[in-house]
Amino acid sequence: MRLALKYTLLLGLGNVTLLVLVMLMTHFSLHQEVSGLRERFDAAARADHQRLAETHARSAVALIRHRLFDPLFDKRVGELERIIRHDLAAWPGVRRVLIADAEGLLLTDGSLSNQDFLTPLALPAKPSTDQDFQLTPADYGFRLSFPVAVENTLAGHVVIELEDGELHQRLQRQRTLVEESFNELHATMHRTGLLSTLLIALIGALFSYRLSKTLSHPLRALMRSAERMTNGDLTHRIAGGPNNDLGDLTAAFNRMAESLQRNTLLLQNEIAERRRTEEQLRYSRDCAESANQAKSAFLAHMSHELRTPLTAILGFGQLMDGDPHLHPSLRKPLATIQRSGEHLLAVINDVLDAAKTEAGKTELHPEDFDLHQLLEGLSEMLGFRAGEKGLRFHLTWKDDLPRQVRADVRKLRQILLNLLGNAVKYTEQGGIYLRAETETPPQAHALRLYFEVEDTGIGITAEQLPHLFEPFYQTPECSLRRDGTGLGLTISRQYVQLMGGEIQVRSRPRQGSRFSFSIDAAAATRPPATPEIEPGVQVTGLAEGQPRYRLLITDDDALSRQLLVEMLRPLGFEVRECANGREAVQAARDWRPHLIWMDLQMPELDGRQATAAIRALPNPTPRPVIAALSACVFANKRDDLLHAGFDEWLHKPYCRNEIFAVLTRRLGVRYRYAAHRPAQNTTSPYPLSSAGLSRLPPAWRKAFADAIPDLDRERLLQMLDELKDAPIASALRQRVEIYAYDELLRLFEAAE
Amino acid sequence: MQWVFNLAVSIGLFALVGSAPLRADDPTPFRLAVINERAQHPSYTFELYQPLIQELKARLAPAGIVPSLVAAADPTALTKLTREGAADAVMESLFIQSRLTPSFEPWLVPVRKGERAVHSVFFTAPHSDIRTLEDLQGRTLAFESPRSTSAYAIPKAYLKARGLRLVSADSEHPPPDAVRYRFAGDERTQGYWVALGQAEAGVFNNDDWAKLSSGVRLRLRAFARTPPMIRWLLTVRTDLDPALRETIAQTLMELHQDPEGLAAMQKGLISRFDPLTPADRASIAQSRTLLRHLDP
């Protein structure tokens, strides 16, 4: 006969549970019964005691009432006290006796002190004058109160407090008896419980024996098989099995083992295949990383190797350009050298910027700047180029565009230059539009700046648009021009992304293009900085009334040193040279320079080590400003250099005015500027803006504008002398020198 | 002839005994009379003074003196006892002593209840308008009992000496200016009566005033007092043998000098027996003069 296991288990469990429940209920019932018995005994004892107390009270009242009447009526309190002390006090259980007059005021409590004399005594609401008395339970036992009266004459009241010590003793005796009975019952129950437990244990043992045969043995077999499978033996199977639920379980287990063995084989094959793939991928990645590192190393090396000679080429070119004794026939070839050098530098910068961004080494360097001035400068610069092609250039911004903001101005300038440069380059008629606004209202210091560059140029086809930002991609129209590196838009998009935005393009062929982007910025944290030296302005010497500044130039490249010496010494600076870091430390200690130009890559002691040694010198007076000069754009991060003790950092090649600006910023150096510039680099005229002209005195501005159509160069130069050394005067003088009268007329008309 | 001889021998022997009263083999009684202070408790007097008598017996036995206690139920009984010669000495208050026959004279001063002399205090309710003894005219005055010295006799005599008339409050037509007096039965009831308005004034001695319960005391105000007087007095029969008298007096006055004697006296609330000083005699005389005002 097949008996289901669960029914066997349920039956056994039910029997045991029922037995335990019966025992518990019996115990509980007995306990309740004993408790009830105790309470009934107590109640009966109390009732008996009450009856007894009432009987005693009735006798006592009858005995004492008449004896108290006369002294109480006459208020012979002394006699009452004697009765209390000598008679009533001798009654069993009397705790205290209180006697009051007919009004209920206490006459005496029998004590010598009688402190409560004439205080109201708590009495029944309506004192009776008959033979009645009141016996009420109290904390201490009973309170017997009765009036003392004869017929209808009330003499007073008596209260006798009776302690119920006898009741307590009786109750205690009863309780002891009940406790003893209960204890006997308890002992009997314990014996019964012990026998029941033994019986349950016997039943349990028999039940366990039955279970071990039908349940435990097959389960242990299952457990051993599961352990073997856990240890990796997937081929093991359980033989046979009982003819019940466990037999079904055994069969199911064997089927699961077969499935597991099959799937494990498949999984192992797949894992092996994936491992081979991963090995190949890892090898490919290592090769790619090695190639990338080699590329970065090559670029870093080339950066240094290319920039160092370029520094000399451009630097000496600028020096020669500023030489008034240069033969006029040499100025055109010199300008060609300058333009070629600057173009080469632009190409190198683009390639390096793209490489840096690709390598993830590009950093944002936010700084406070005048956004309006930046836009005006770009407008003037690109407006000039546009004007040369007969194009209109429009700069507009909304009124809420903040002037002072904080962002990476160099990258923003480069983005806008790239987009505007392309717009000018690929537009032949119509105009260029530069628009700026804030995308969202300013919240705290957060800003979102929106820029838009639109042109009416050749446009871009829909097929070209997806490839527009790829490196070195050029449309067929661009390829024909063969200028540019093809990296400008790539770098611009990377910079915009770095600044938290994305460039959007909308374009239609032969109708024009519109590039727009937004960047994250912040409100400026500092007031506007003092203007540095404007590009293109010719510095001719030091202004009067300044100390003689000592400048130390440290560079292992003799040409680089010579360039700086030629640049600075003629202006009136005291200059010394060092070929390595060790000499620089010695000179810093002995000569105490105001500023040290420090190349970073030098033999013996490099720029970082030398700077650390100089900063460790005791009490340097004055504390020297140390400006890093580096031709490598990869190896050095700006923050690292500042932490290493440097105050400034310039890339090679640098221009003269960058050098002069550092001196102004750090030492407060003031310069004299050229009143007449003998020659001008026509590729980079100083940008003028109508906004800048509008700040000039209106009368002077009107007189100058009126003089332009007369084409009287001498008169215009004389009027400009009235503005003395103001930078805008130099810029205007430059335009007069090259006879750019049409540009001047357009700017002054716009300023009006 | 033989009976004549026997009679003569007996007479001779009697004469011999009579000539040697202090011999041990011829006990001489000494009967001390007191009044039982609690009529409802007849044995109370014996509880008080039996230890003293026993101690005296032990001490006077060598002298052949056998002391004994004679208790009178009240002053009248005491007077009768003394008159009949049933007492050799009486220990009582001055007022009771003054009513004895002249055959008793002051002998010693028992210092009882810690006080050698007392005075009576007149008191009334705190807000009463009674300020002087004369204000008692027409008012009710609570005495203790007719046998009390300090709470009846002396103050009554003192008031009468000041010209006031006193009548029982139970009189049917008391004169309006008379002091109407009532007997409260005990000193505490006197105080309660005045506090409860049952009487308008009361009087008892300064010891009772000091022992008043605090609950009652704050409802009373003292307003007059009598001159001091001897509180307790031991008188002796004037014809008592001087030697016997001297022996007993000496024994009594030495009792307080040892613990046994002191304990025997203290049961009767006596701390010692003092000899009479001239001042005591003067005070007794003054009190007796005062008490004469009680005579009808």
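Bear in mind that the values here come from a model prediction, so they are computed numbers and not experimental data.

Participant: Describe the overall build of chain B, listing the residues and the values that go with them.
Facilitator: Secondary structure summary: chain B contains eleven helices and 14 strands in total. Within chain B, contacts between residues separated by at least 24 positions form 75% of all contacts whose residues are at least 6 apart in sequence. Accessible area for chain B stands at about 13,600 Å²; split by element, carbon and sulfur atoms hold 56% of it.

Participant: Can you explain the packing of aromatic side chains? Please cite residues and give values.
Facilitator: The way to describe two aromatic rings as a pair is by their centre distance and the angle between their planes. Residues and elements named next belong to chain B. On inspection of all chains with the given rule, the structure shows 18 aromatic pairs over all chains. Relative to Phe-204, the ring of Phe-123 lies with its centre 4.6 Å away and its plane at 40°, an arrangement referred to as tilted. Linking Phe-123 in strand E6 (residues 120-124) with Phe-204 in strand E10 (residues 201-205), this pair joins segments that are 81 residues apart in sequence. For the residue pair Phe-123 and Phe-204, the accessibility class agrees, reading buried in each case. In this arrangement the basic side chain of Arg-112 is found over the ring face of Trp-232, its NZ or CZ atom lying 4.4 Å from the centre. Positioned over the ring face of Trp-193 is Arg-182, at 4.3 Å from the centre of the ring.

Participant: Account for unusual backbone geometry, with residues named and values stated.
Facilitator: The phi angle at Leu-118 of chain A is positive, at roughly 70°, despite the residue not being glycine. With respect to the element layout, Leu-118 of chain A can be found in the loop between strand E2 (106-108) and strand E3 (134-138).

Participant: Give me the sheet that holds strand E15 (residues 574-578) of chain A: which residues, what numbers.
Facilitator: Residues and elements named next belong to chain A. Strands sit in the order E15-E14-E16-E17-E18 across an open sheet of five strands; the sheet is parallel. The two strands at the open ends of the sheet, each matched to only one other strand, are E15 and strand E18 (648-651). Each neighbouring strand pair of the sheet contributes to a mean axis angle of 20°, computed without reference to strand direction. Sheet topology places strand E17 (residues 625-630) next to E18; four bridges connect them, and they run parallel. Each residue of the ladder has a partner; that of Ala-627, found in E18, is Glu-648. Contacts between helix H11 (residues 581-591) and the sheet are confined to strand E14 (550-554), E15 and strand E16 (595-599), with E14 contributing the most and set at about 170° to the helix.

Participant: Residues and numbers for the nonpolar core, please.
Facilitator: Residues and elements named next belong to chain A. Core analysis: the largest hydrophobic core is formed by 43 residues, its most contacted members being Leu-371, Leu-412, Leu-416, Leu-420, Phe-451, Phe-515 and Phe-517. For this core, the secondary-structure elements that each account for two or more residues are helix H6 (371-388), strand E8 (404-407), helix H7 (409-425), strand E9 (431-438), strand E10 (446-455), helix H9 (488-498) and strand E12 (512-523). Counting residues per element, this core draws most heavily on H7, which supplies eight residues. If we ignore the near neighbours within four places in the chain, the residues touching Leu-412 are Phe-369, Leu-371, Leu-374, Phe-451, Met-499, Phe-517 and Ile-519.

Participant: How would you summarise the pairing of E17 of chain A if you had to cite specific residues and measurements?
Facilitator: All names here are of chain A. With six of six residues buried, E17 lies mostly within the body of the structure. Burial along E17 is two-sided: Val-625, Ala-627 and Leu-629 and Ile-626, Ala-628 and Ser-630, pointing in opposite directions, are all buried. The pairing of E16 with E17 spans five bridges and is parallel. Within the sheet, the bridge partner assigned to Ile-596 lies in E17 and is Ile-626. Chirality of the crossover, the property in question, places the unit of E16, helix H12 (residues 607-615) and E17 among those that are right-handed.

Participant: Describe in detail the interface of chain B and chain A, supporting the description with residues and values.
Facilitator: In this complex, chain B contributes 15 residues to the contact, which on the side of chain A involves 18 residues. Taken over both partners, the interface formed by chain B and chain A buries close to 1,300 Å², and the fraction arising from carbon and sulfur atoms is 52%. Counting the contacts that link chain B with chain A gives two salt bridges. Here Arg-82 of chain A ties to Asp-186 of chain B by a salt bridge, and the two come within 3.2 Å at their closest N and O atoms. Of all the secondary-structure elements, those providing two or more residues to the side of chain B that touches chain A are helix H6 (187-196) and helix H8 (214-217) of chain B. Per-element tally for the side of chain B that touches chain A: the top contributor is H6 of chain B, with six residues. Looking at the side of chain B that touches chain A residue by residue, the class counts come to six nonpolar, five polar and four charged.

Participant: Hey, could you go over the environment of Lys-398 of chain A for me, with residue numbers and the actual values?
Facilitator: All names here are of chain A. As for its position among the elements, Lys-398 is in the loop between strand E7 (392-397) and E8. Assessed through its relative accessible area of 47%, Lys-398 is described here as partly exposed. For the pair Lys-398 and Ala-436, spaced 38 residues apart in sequence, the C-alpha separation works out to 6.8 Å. Dropping the residues within four chain positions of it, Lys-398 is found in contact with Ala-436 and Glu-437.

Participant: I'd like a description of the pattern of salt bridges, backed by residues and values.
Facilitator: Residue and element names in this part refer to chain A. In the structure shown here, the tally under the stated rule is 48 salt bridges over all chains. With a closest N to O distance of 2.5 Å, Glu-161 and Arg-95 form a salt bridge. Separated by 66 residues along the polypeptide, Glu-161 in strand E5 (residues 153-163) and Arg-95 in strand E1 (residues 94-101) bring together distant segments of the chain. Residues Asp-408 and Lys-411 are paired through a salt bridge, measuring 2.9 Å at the closest nitrogen-oxygen approach. Taken individually, Asp-408 and Lys-411 each receive the classification buried, so the pair is uniform in this respect. A network of salt bridges, in which partner residues are shared, links Arg-95, Arg-96, Glu-161 and Glu-163.

Participant: Break down the layout of surface pockets for me, citing the residues and quoting the values.
Facilitator: The rolling of a water-molecule-sized probe over the atoms marks out the regions of remaining empty space. What the second largest pocket holds in volume is close to 1,400 Å³. For the second largest pocket, the lining is made up of 40 residues, of which Glu-37, Lys-113, Glu-144, Asp-186 and Glu-187 of chain B are closest to its centre. Put simply, the parts of the chain that give the lining of the second largest pocket at least two residues each are helix H2 (77-86) of chain A together with helix H5 (149-161), H6, E10 and helix H7 (206-211) of chain B. Looking at the lining of the second largest pocket, its residues break down into twelve nonpolar, eleven polar and 17 charged. For the lining of the second largest pocket, the two domains that each supply at least three residues are domain 1 (2-115 + 232-277) and domain 2 (117-229) of chain B.

Participant: Outline the packing of helix H2 (residues 44-60) of chain B against helix H9 (residues 242-254) of chain B, supporting the account with residue identities and numerical values.
Facilitator: Residues and elements named next belong to chain B. Across the interface, H2 lies against H9 with an axial gap of 11 Å and an inter-helix angle of 120°. Comparing the axis directions of H2 and H9 gives the class oblique. Where H2 crosses over H9, the two elements pack in a sense that is right-handed. Within the contact between the two elements, H2 uses Leu-56, Arg-59 and Leu-60 and H9 uses Thr-247, Ile-248, Thr-251, Leu-252 and Glu-254.

Participant: Can you lay out the confidence of the model for chain A for me, pointing to particular residues and giving the numbers?
Facilitator: Across chain A, pLDDT averages 80, with 88% of residues at or above 70. This stretch, residues 676-686 of chain A, has a pLDDT under 50; its non-local contacts, to residues over four places away or in other chains, come to 26 contacts.

Participant: Give a detailed account of helix H19 (residues 741-751) of chain A, specifying residues and quantitative values.
Facilitator: Residue and element names in this part refer to chain A. Where H19 is concerned, the buried positions are Tyr-741, Glu-743, Leu-744, Leu-747, Phe-748 and Ala-751. Around the axis of H19, the buried residues are gathered within 155° of arc, so they sit on the same side. Looking at H19, the residues exposed on the side facing more than 90 degrees away from the buried face are Asp-742, Glu-749 and Ala-750.

Participant: Explain a nonpolar patch on the surface to me, using residue names and the numbers behind them.
Facilitator: Residue and element names in this part refer to chain A. A cluster of nonpolar side chains, namely Leu-199, Leu-202, Ile-203 and Leu-206, defines an oily patch on the protein surface of about 400 Å² accessible area. Within the secondary structure layout, Leu-206 lies in helix H3 (residues 165-230). Its relative accessible area of 59% is what places Leu-206 among the exposed residues.

Participant: With reference to specific residues and values, describe the side chain of Lys-75 of chain A.
Facilitator: Mapped onto the elements of the fold, Lys-75 of chain A is located in the loop between helix H1 (5-73) and H2. Here Lys-75 of chain A occupies a buried position and makes no salt bridge, while the nearest side chain of opposite charge, Asp-101 of chain A, is found at 5.1 Å. Apart from residues lying up to four places away in sequence, Lys-75 of chain A is in contact with Asp-101 of chain A together with Thr-189, Trp-193, Leu-196 and Gln-198 of chain B.

Participant: Please give an account of the environment of Leu-650 of chain A that cites residues and values.
Facilitator: Residue and element names in this part refer to chain A. Relative to the assigned elements, Leu-650 resides in strand E18. Put simply, Leu-650 and Met-598 are 52 residues apart on the chain and 10.0 Å apart in space, counted from C-alpha to C-alpha. Ignoring any residue separated from it by four or fewer positions in sequence, one finds Leu-650 in contact with Trp-597, Ala-628, Leu-629, Ser-630, Glu-658, Ile-659 and Val-662.

Participant: Explain the sheet that holds E1 of chain A residue by residue, including any values.
Facilitator: All names here are of chain A. Read from one edge of the open sheet, five strands run E2-E1-E5-E4-E3, paired in antiparallel fashion. The strands lining the two open edges of the sheet, one partner per strand, are E2 and E3. Between one strand axis and the next, the sheet turns through 30° on average, direction left out of account. Bridge analysis of E3 against strand E4 (residues 141-150) gives five bridges, and the strand direction is antiparallel. Residue pairing across strands places Leu-135 opposite Leu-144, the latter belonging to E4. Its contacts with the sheet place H2 against E1 and E2, and it is angled at close to 70° to E2.

Analysis parameters
Residues numbered from 1 in each chain as written. Chains lettered and ligands numbered in written order. Predicted model: local features only at pLDDT ≥ 70, side-chain atom pairs only at ≥ 80, totals over all residues. Heavy atoms only, no water. Helix = DSSP H or I, 4+ residues; strand = E, 2+ residues; numbered from the N terminus. Contact = heavy atoms within 4.5 Å. Areas by Shrake-Rupley, 256 points an atom, 1.4 Å probe, with all protein chains shown as cover. Phe/Tyr/Trp six-rings, centres within 6.5 Å; stacked < 30°, edge-to-face > 60°. Buried < 20%, exposed > 50% of the residue type's maximum accessible area, 1.4 Å probe, protein only. Lys NZ or Arg CZ within 6 Å of the ring centre and 35° of its normal. Pairing = 2+ DSSP bridges. Axes fitted to C-alpha atoms, helices over the stretch in contact; angles between N-to-C directions. Core = buried A, V, L, I, M, F, W, Y, C linked by side-chain atoms within 4.5 Å. Right-handed = clockwise from strand over helix to strand, strands pointing away. Buried area = accessible area lost by both parts, 1.4 Å probe. Salt bridge = Lys/Arg side-chain N within 4 Å of Asp/Glu carboxyl O. Nonpolar A, V, L, I, M, F, W, Y, C, P; charged D, E, K, R; others polar. 1 Å grid on protein atoms, 1.4 Å probe; cavity = no way out; pocket = protein on both sides within 12 Å on 5 of 7 lines; lining within 4 Å. Points joined across faces, edges and corners; volume = space filled by probe spheres on them. Domains from an automatic or database assignment. Parallel < 35°, antiparallel > 145°, perpendicular 65-115°, else oblique. Left-handed = near helix turned anticlockwise from the far one by under 90°. pLDDT = per-residue confidence, 0-100. Arc of directions from axis to C-beta. Patch = residues over 30% accessible without salt bridge, like charges linked within 9 Å, V, L, I, M, F, W, Y side chains within 5 Å. Lys, Arg positive; Asp, Glu negative; His and termini not counted.

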